[in-house]
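Here's the letter readout for the chains.
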Amino acid sequence: MKSKFLATIATVALTISAFAPEARSEEVMRISSWLPPSHVNTEIFPTWIEWIEEATDGRVTGKIEYDLASPPDQIDIVTDGAADASWIFHGYNPGRFVTTKLIELPGLLADAEASSVAHQRAYETYLKDAGEHEGVVVAAMMTHGPGQLYMRTARDGLAALDGAKIRIGGGVSADVAEALGMVGVQVPAPQVYETLSGGVADGVMMPIDTNKALRLYEVAPETYIMPGGFYRGSFALILSEAFLARLSDEDREAVLSTTGERLAAMAGAAWAKADIAGLELVEEVTSMHTFSDEDQQTFAGISAGIRQETIDAVADRGVDAAAALEMIEETARAYVQ
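Every value quoted in this text rests on a predicted model; they were computed, and no experiment measured them.

About the criteria used
- Residues numbered from 1 in each chain as written.
- Predicted model: local features only at pLDDT ≥ 70, side-chain atom pairs only at ≥ 80, totals over all residues.
- Heavy atoms only, no water.
- Helix = DSSP H or I, 4+ residues; strand = E, 2+ residues; numbered from the N terminus.
- Buried < 20%, exposed > 50% of the residue type's maximum accessible area, 1.4 Å probe, protein only.
- Contact = heavy atoms within 4.5 Å.
- Areas by Shrake-Rupley, 256 points an atom, 1.4 Å probe, with all protein chains shown as cover.
- Lys, Arg positive; Asp, Glu negative; His and termini not counted.
- Charge placed at Lys NZ, Arg CZ, Asp CG, Glu CD.
- Core = buried A, V, L, I, M, F, W, Y, C linked by side-chain atoms within 4.5 Å.
- Pairing = 2+ DSSP bridges.
- Axes fitted to C-alpha atoms, helices over the stretch in contact; angles between N-to-C directions.

Turning our attention to the overall build of the protein chain. Along its length, the protein chain carries twelve helices and eleven strands. Oriented by its inertia axes, the alpha-carbon framework of the protein chain measures out at about 100 × 45 × 35 Å. Taken over 337 residues, the protein chain has a buried fraction of 52%. A separation of at least 24 residues holds for 79% of the contacts in the protein chain among residues at least 6 apart in sequence. For the protein chain, the exposed surface amounts to about 14900 Å²; the carbon and sulfur share of it is 52%. Counting 24 positive and 50 negative side-chain charges, the protein chain places the centres of these two groups 8 Å from one another.

Now the structure itself:
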């Protein structure tokens, strides 16, 4: 009698479960990051994860993981599905990314939020057709603020930088360094502190926020400001195609709804906020120098040459480079936060 009763209960339970909504386990998006737990990892990714959780009613979340691969290899581990998402600096893969150099050109008078939105619009309208991000899904483009120069010892103007060993990340920063007669030292951002402290490089070109995020002020206490910056770095937040394929149609659409210009603006705002904190720090603990009017004019001439070379290189990728650059500059100039 008892066994018959238990069998009946089991049958009822199975019948109910057949009509119950399908239970879904939480999908965790593994985010690979190549900088320590500061800045981008404390603002951009946590906010993006919150958006994804809200859009999917908690069915998809995210987790930041470190040291999965070197900075130049981030796109490869996302392409291969070893990570579900990451962020890449385009300059770490020279030759593969050319169109993204348009946003890196010096002299753009805009903060990181405005330039990130400008970069995103230019990508969607012009740059994506070049196919440089094949194998991954671009969630958003973003940039850091104007890159400035930080030296271990004081130098007297641009002429004194000829022959100086300067850490560069790649992209337009490498073009600028070469045009100024610098000797480029290419190491990823996480190695900059050791590169400077060990005397391997005399200085570094990076955005001003890195003085706080990477403690540059400890090893490069001389800060040199070029109005409009020497360059700005181009980045992309990327998603794995395999990760998106694992999701239901509903959740895939929800995750993708968090990408695009909204994500670019949020990421850029985080970079801009970090620049403000970095500037406050360098004003307090480093020696600040602004290049003379003569040096600024000299650099403007150098920048004009780099600008034309970049336009020509991007045009070779089948992109209307002049139109894309015009969109970048007009968007950045008109952007209202």
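Moving on, there is more to tell.
The biggest cluster of nonpolar side chains holds 102 residues, and the ones touching the most others in it are Trp48, Trp87, Met205, Phe230 and Leu237. Of all the elements, helix α10 (residues 261-285) adds the most residues to this core, at eight residues. Not counting residues within four places of it along the chain, the set of residues in contact with Trp48 comprises Met29, Ala139, Leu239, Thr258, Thr259, Leu263 and Met266.

As a further point, take unusual backbone geometry. Located in the positive-phi region is Asp67, a residue other than glycine, with phi close to 60 degrees. By the element assignment, Asp67 lies in the loop between β2 (60-66) and α3 (74-79). Take Asp67: its relative accessible area is 72%, and that puts it in the exposed class. Located in the positive-phi region is Arg215, a residue other than glycine, with phi close to 60 degrees. You can see Arg215 is positioned in the loop between α7 (210-213) and β9 (222-225). A residue is classified by how much of its surface remains accessible, and Arg215, at 39% relative accessible area, is partly exposed.

Here the focus is the sheet that holds strand β1 (residues 27-33). Sheet architecture is open: five strands sit in the order β2-β1-β3-β10-β4, paired in mixed fashion. Only two strands of the sheet have a single neighbouring strand rather than two, namely β2 and β4 (136-143). Each adjacent strand pair in this sheet contributes to an overall mean axis angle of 25 degrees, direction not counted. Of the pairings in the sheet, the one linking strand β3 (residues 85-89) to strand β10 (residues 234-240) comprises five bridges and is antiparallel in character. Bridge assignment links Ala85 to a residue of β10, and that residue is Leu239. Contacts from helix α2 (residues 44-55) reach β1, β2, β3, β4 and β10 within the one sheet, and its direction differs from that of β2 by about 160 degrees. Strand contacts of helix α4 (residues 112-125): β4 and β10, with the helix running at about 145 degrees to β4, the strand carrying the most contacts.

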